Amino acid sequence: MKDVSRALLLAPPIFVVHFLEESPGFVGWFNSHVARGITPSLFWTVNLTALSVTLAVVAFEWFSRTPLSLGAALAWLCFLMFANALFHIAGALVDKRYVPGLFTAVLLYLPFYLWLFARALKSRRVTAAALLTAAVTCSLPMLIHGYLILFRGGRLF
């Protein structure tokens, strides 16, 4: 049980490393796709908020260790890491070039999330059906957002 909680402690630093890779060029890349672009200030606000939520779900799991806390952490990280990684990969395929954040999305986000998901299943605190339902439901906003950016020139948020 402590194993998955301990593994979750890696989520905030992984997010920060991704942000550091992404931050120098993401706003320009994003604005090249979307007419209603974003400012560097908005980019920072969104990412600092995401870091705060990440810290909150990790703390909730660390101090609670309930099915709800584990499910909430995995659901959030599916949105933040798994679906975001798919967005970066799709962006690179559509543009046929590097998208800021691509390397950490592929090398850190995907393996970490899948490893964490497997650990959560092994903990038997949450059923596979519950984890999959939470993951799919929580990843939808990021997947829709990515689709709108890459194929419609718009954004969800």
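Residues numbered from 1 in each chain as written. Predicted model: local features only at pLDDT ≥ 70, side-chain atom pairs only at ≥ 80, totals over all residues. Heavy atoms only, no water.

J.: Before we move on, could you go through the overall build of the protein and cite the residues and values that matter?
T.: For the protein, the helix and strand inventory stands at 7 helices and 0 strands. Going residue by residue from the N terminus, the α and β elements of the protein occur as α-α-α-α-α-α-α. With the principal axes as the frame, the protein shows a C-alpha extent of 45 × 25 × 25 Å. Out of the 157 residues in the protein, the part that is buried amounts to 45%. Total accessible area on the protein stands at roughly 7,900 Å², and carbon and sulfur atoms take up 73% of it. (Helix = DSSP H or I, 4+ residues; strand = E, 2+ residues; numbered from the N terminus. Buried < 20%, exposed > 50% of the residue type's maximum accessible area, 1.4 Å probe, protein only. Areas by Shrake-Rupley, 256 points an atom, 1.4 Å probe, with all protein chains shown as cover.)

J.: Got a sec to walk through the layout of surface pockets? Specific residues and values, please.
T.: Considered as a void within the structure, the largest pocket measures approximately 440 Å³ in volume. Every residue lining the largest pocket is counted, 22 residues in all, and those nearest its centre are Val46, Asn47, Met142, His145 and Phe157. At the level of elements, helix H2 (11-22), helix H3 (26-31), helix H4 (40-64), helix H5 (67-95) and helix H7 (128-152) are the ones that each hand at least two residues to the lining of the largest pocket. When residues of the lining of the largest pocket are assigned to their parent elements, the largest contribution, 6 residues, is made by H4. Of the residues belonging to the lining of the largest pocket, the class tally is 16 nonpolar, 5 polar and 1 charged. (1 Å grid on protein atoms, 1.4 Å probe; cavity = no way out; pocket = protein on both sides within 12 Å on 5 of 7 lines; lining within 4 Å. Points joined across faces, edges and corners; volume = space filled by probe spheres on them. Nonpolar A, V, L, I, M, F, W, Y, C, P; charged D, E, K, R; others polar.)

J.: Tell me about the packing of H5 against helix H6 (residues 102-123), and please be specific about residues and values.
T.: The geometry of H5 relative to H6 is characterised by a closest axis approach of 9 Å and an angle of 150° between their N-to-C directions. Taken together, the axis directions place H5 and H6 in an arrangement best described as roughly antiparallel. Crossing geometry of H5 relative to H6 is assigned as left-handed. Residue-level inspection shows Leu70, Leu74, Leu77, Cys78, Leu80, Met81, Phe82, Asn84, Ala85, His88, Ile89 and Ala92 of H5 in contact with H6, the latter providing Leu102, Ala105, Val106, Tyr109, Leu110, Phe112, Tyr113, Leu114, Leu116, Phe117, Ala120 and Ser123. In the contact of H5 with H6, the residues fall into 21 nonpolar, 3 polar and no charged. (Axes fitted to C-alpha atoms, helices over the stretch in contact; angles between N-to-C directions. Parallel < 35°, antiparallel > 145°, perpendicular 65-115°, else oblique. Left-handed = near helix turned anticlockwise from the far one by under 90°. Contact = heavy atoms within 4.5 Å.)

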